[in-house]
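What follows is each chain in one-letter form.
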Amino acid sequence: MLLQRIDTATAQWEPDGNRRHKRRRQGLGNWKIIRYADDFVIMVHGERHHAQERKAEVAQVLSRLGLRLAEEKTRVVHIDEGFDFLGFHIRRRQKQGTRKRHVYTIPSKKSVQSIKDTARRKANRSARNTETGMKISEVDSVVRGWANYFRHGVSKKIFYTIDSFAWWRLSSWIRRKHSNINLGELRRRFTDRGWRLACNGAVYRGASSVEVTRYRSRGSKIPTPWSLKTASL
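Residues numbered from 1 in each chain as written. Predicted model: local features only at pLDDT ≥ 70, side-chain atom pairs only at ≥ 80, totals over all residues. Heavy atoms only, no water.

## Notes on the sheet that holds strand 8 (residues 202–203)
Stated formally: Strand pairing follows a simple DSSP-based rule, namely that at least 2 bridges must link the two strands. Labels follow the DSSP assignment, with helices taken as runs of H or I lasting at least four residues and strands as runs of E lasting at least two, numbered in each case from the N terminus.
The 3 strands are arranged 6-7-8 in an open sheet whose pairing can be described as antiparallel. Only two strands of the sheet have a single partner each, and these edge strands are strand 6 (191–193) and strand 8. Where strand 7 (residues 196–199) and strand 8 come together, 2 bridges link them in antiparallel fashion. What sits directly across from Cys-199, in strand 8, is Ala-202.

## Let's talk about helix 5 (residues 132–149)
Defined as follows: To estimate how far a helix should reach, multiply one less than its number of residues by 1.5 Å. Residue exposure (1.4 Å probe, protein chains only): buried if accessible area is under 20% of the type maximum, exposed if over 50%, otherwise partly exposed. As used here, the arc belongs to the directions running from the helix axis to the C-beta atoms. Residues are treated as being in contact if the distance between any of their heavy atoms lies within 4.5 Å. Polar contact criterion, stated in full: a pair of N or O atoms within 3.5 Å, where within protein one must be able to donate a hydrogen and the other to accept it, and residues adjacent in sequence count only if both atoms are side-chain atoms.
Here helix 5 is 18 residues long and its end C-alpha atoms lie 26 Å apart, about the 26 Å a rise of 1.5 Å per residue gives. Looking at helix 5, one finds that the buried residues are Thr-132, Gly-133, Lys-135, Ile-136, Val-139, Asp-140, Val-143, Trp-146 and Ala-147. Along helix 5, the residues classed as buried sweep out an arc of 165° about the axis, all on the same side. In this structure, the buried residues of helix 5 make contact with strand 5 (101–107), helix 4 (109–122), helix 6 (156–177), helix 7 (183–190), strand 7 and strand 8. For helix 5, the side-chain oxygen to backbone nitrogen distance between the N-cap and Gly-133 is 3.0 Å, and the N-cap itself is Glu-131.

## Re the confidence of the model for the chain
Here is the rule: Per-residue confidence from the prediction method is given by pLDDT, with values spanning 0 to 100.
Of the residues in the chain, 85% reach a pLDDT of 70 or more, and the chain-wide mean stands at 84. Here residues 228–233 is modelled with pLDDT under 50, and outside its nearest four sequence neighbours on either side it reaches 10 contacts, counting other chains as well.

## Overview of unusual backbone geometry
Backbone geometry follows two general trends: most residues other than glycine have a negative phi, and most peptide bonds adopt the trans configuration. Backbone geometry places Leu-86, a non-glycine residue, at a positive phi of 55°. Mapped onto the secondary structure, Leu-86 falls in the loop between strand 3 (83–85) and strand 4 (88–94). On the basis of relative accessibility, which here comes to 28%, the residue Leu-86 falls in the partly exposed class. One non-glycine residue, Ser-179, lies in the positive phi region at around 60°. Following the sequence through the fold, Ser-179 ends up in the loop between helix 6 and helix 7. Residue Ser-179 is classed as exposed on the basis of its relative accessible area of 68%.

## Here we look at the sheet that holds strand 4
Heads up, the rule is: With axes taken as lines fitted to C-alpha atoms, and helix axes fitted only over the stretch in contact, angles between N-to-C directions fall between 0 and 180 degrees.
Across the sheet, 3 strands lie side by side as 3-4-5; this open sheet has antiparallel pairing. The outermost strands of the open sheet, each flanked by one partner alone, are strand 3 and strand 5. Pairwise comparison of adjacent strand axes, ignoring direction, gives a mean angle of 30° for this sheet. Across 3 bridges, strand 3 lies against strand 4 in antiparallel orientation. In the strand pairing of strand 4, Phe-85 is matched with Phe-88.

## Some thoughts on the pattern of salt bridges
Applicable threshold: A pairing counts as a salt bridge when a side-chain nitrogen of Lys or Arg comes within 4 Å of a carboxyl oxygen of Asp or Glu.
On inspection of all chains with the given rule, the structure shows 12 salt bridges. Residue Glu-71 pairs with Lys-55 through a salt bridge whose shortest N-O separation is 3.4 Å. Highlighted residues: Glu-71 in the loop between helix 3 (48–64) and strand 3 and Lys-55 in helix 3, separated in sequence by 16 residues. Looking at Glu-71, the relative accessible area reads 49%, which means it is partly exposed. Residue Asp-117 pairs with Arg-120 through a salt bridge whose shortest N-O separation is 2.9 Å. Placement of the pair is Asp-117 and Arg-120 together in helix 4, with a separation of 3 residues, close to one helical turn. On the basis of relative accessibility, which here comes to 32%, the residue Asp-117 falls in the partly exposed class.

Written as structure tokens, this is what we have:
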């Protein structure tokens, strides 16, 4: 009955469309909750004290369920400062070449560092006994999987950065494995098109081969326990 308990306790917690218009006319703050499992962010249209009030309300609601906010992970920030959520960094900034300001969603620095660390680990010296084609496929699979998660955002530039990093890590691994061959020999033996790494049918396609489709919105199609229409468990 957990969802039913949340519904009962928070039935009027998030304003609907009519209440939002009324509150805006009165100069009051409005808010919207975005949730994924036990992670959520509350977007507030108003002043900082409005956000602080919502934070206090959330703490009260969770306390009734025997839960509490993780203070070390809970922050009140302006959208121009940006914040990290589910591996993305979300921030409003000026569009290059214009005076318009838009909210951009990109992979967070922590997420970028994570995939770089993974590529570095998989192409380290201790793995030189692995067959070259298998190693290319292994790194390519990891990088493309990472990129597939971050394809819904402003990610293309970062994808190219990740590919450049992974290329150098892999090429260094191949050169060490094959008696420290030079770049010319590397290109003749282990590339199939320009400088694209390939061996025995395995090809490094990388993050940049993943199509970016920004932004994908499902809106109210996602069920939420903050709605009275949600069925109880």
